[in-house]
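Coordinates in review
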Amino acid sequence: QVQLVESGGGLVRTGDSLRLSCAASGLTFSTSTMAWFRQAPGKEREIVAQTNWMSTTYYPDSVKGRFTISRDSANNILYLQMNSLKPDDTAVYYCAAGSRFLPVPSYDMAYWGKGTLVTVSQ
């Protein structure tokens, strides 16, 4: 059974940094396509970072240069380093996993965590 458990969310101020973690189990972590998505109140879920088994990464323009996705394959942990946070980054952040053969970017993720809330105040 695949489990993805996010942690690291919280309340921060504009300009602060935060690192989210996602502990993964029940899947071949090192070769899975892994991603972070977010959903703000009243908005659709959007992708914020993705990496595949070839370490190809994708970031939308809204976070490019500020967010970095990485994985610790020895411990099955996915990270999202978020710098220079803005109030527009306020959302529930979800960890997701998919097939190694997914194109990057892709929304076709098979497994999802329950999310962690990030709130950025002015």
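Keep in mind it's a predicted model, so treat the numbers as computed, not measured.

The next thing to look at is the overall build of the protein chain. A count of helical and extended segments in the protein chain gives zero helices and eleven strands. Starting at the N terminus and ending at the C terminus, the protein chain contains elements arranged as β-β-β-β-β-β-β-β-β-β-β. Relative to the compact-globule value of 14 Å for 122 residues, the protein chain shows a C-alpha radius of gyration of 13 Å, a close match. For the C-alpha atoms alone, the extent of the protein chain along its principal axes is close to 40 × 25 × 25 Å. Looking at the protein chain residue by residue over its 122 residues, the buried ones come to 41%. Within the protein chain, residue pairs in contact and separated by at least 24 positions form 59% of the contacts whose partners lie at least 6 positions apart. Side chains of the protein chain carry 11 positive and 9 negative charges; the gap between the two charge centres is 3 Å.

Our next topic: the environment of Ser-32. Mapping Ser-32 onto the fold places it in the loop between β3 (18–25) and β4 (33–39). For the pair Ser-32 and Val-5, spaced 27 residues apart in sequence, the C-alpha to C-alpha distance is 16 Å. Aside from chain neighbours lying at most four places away, what touches Ser-32 is Leu-27, Thr-51, Asn-52, Trp-53, Arg-71 and Gly-98.

Attention shifts here to the side chain of Asn-52. If you trace the backbone, Asn-52 turns up in the loop between β5 (46–51) and β6 (57–58). In this structure Asn-52 comes out as buried when scored by relative accessible area, which is 8%. There is a polar contact of 2.9 Å between the side chain of Asn-52 and the backbone nitrogen of Thr-56. In contact with Asn-52, not counting residues within four places along its chain, are Ser-32, Thr-33, Arg-71 and Val-104.

We now examine the environment of Ser-55. Considering the arrangement of structural elements, one finds Ser-55 in the loop between β5 and β6. Among the residues examined, Ser-55 registers a relative accessible area of 56% and is labelled exposed. Residues Ser-55 and Thr-33, spaced 22 residues apart in sequence, show a C-alpha to C-alpha distance of 9.0 Å.

Glancing now at a nonpolar patch on the surface. Side chains of Trp-53, Met-54 and Phe-101 sit close together on the surface and give an oily, nonpolar patch of about 390 Å² of accessible area. Within the element layout of this structure, Met-54 appears in the loop between β5 and β6.

Two side chains carrying opposite charge are able to pair once their charged atoms lie near each other. In this structure the tally under the stated criterion is four salt bridges. Salt-bridge contacts for Lys-64 lead to Asp-61; the nearest nitrogen and oxygen are separated by 3.4 Å. A relative accessible area of 68% places Asp-61 in the exposed class. Salt bridges sharing common partners tie together Arg-38, Glu-46, Arg-66 and Asp-89.

Criteria and cut-off values
- Residues numbered from 1 in each chain as written.
- Predicted model: local features only at pLDDT ≥ 70, side-chain atom pairs only at ≥ 80, totals over all residues.
- Heavy atoms only, no water.
- Helix = DSSP H or I, 4+ residues; strand = E, 2+ residues; numbered from the N terminus.
- Rg over C-alpha atoms; globule rule 2.2 N^0.38 Å.
- Buried < 20%, exposed > 50% of the residue type's maximum accessible area, 1.4 Å probe, protein only.
- Contact = heavy atoms within 4.5 Å.
- Lys, Arg positive; Asp, Glu negative; His and termini not counted.
- Charge placed at Lys NZ, Arg CZ, Asp CG, Glu CD.
- Polar contact = N/O pair within 3.5 Å; in protein donor to acceptor, adjacent residues only side chain to side chain.
- Patch = residues over 30% accessible without salt bridge, like charges linked within 9 Å, V, L, I, M, F, W, Y side chains within 5 Å.
- Areas by Shrake-Rupley, 256 points an atom, 1.4 Å probe, with all protein chains shown as cover.
- Salt bridge = Lys/Arg side-chain N within 4 Å of Asp/Glu carboxyl O.

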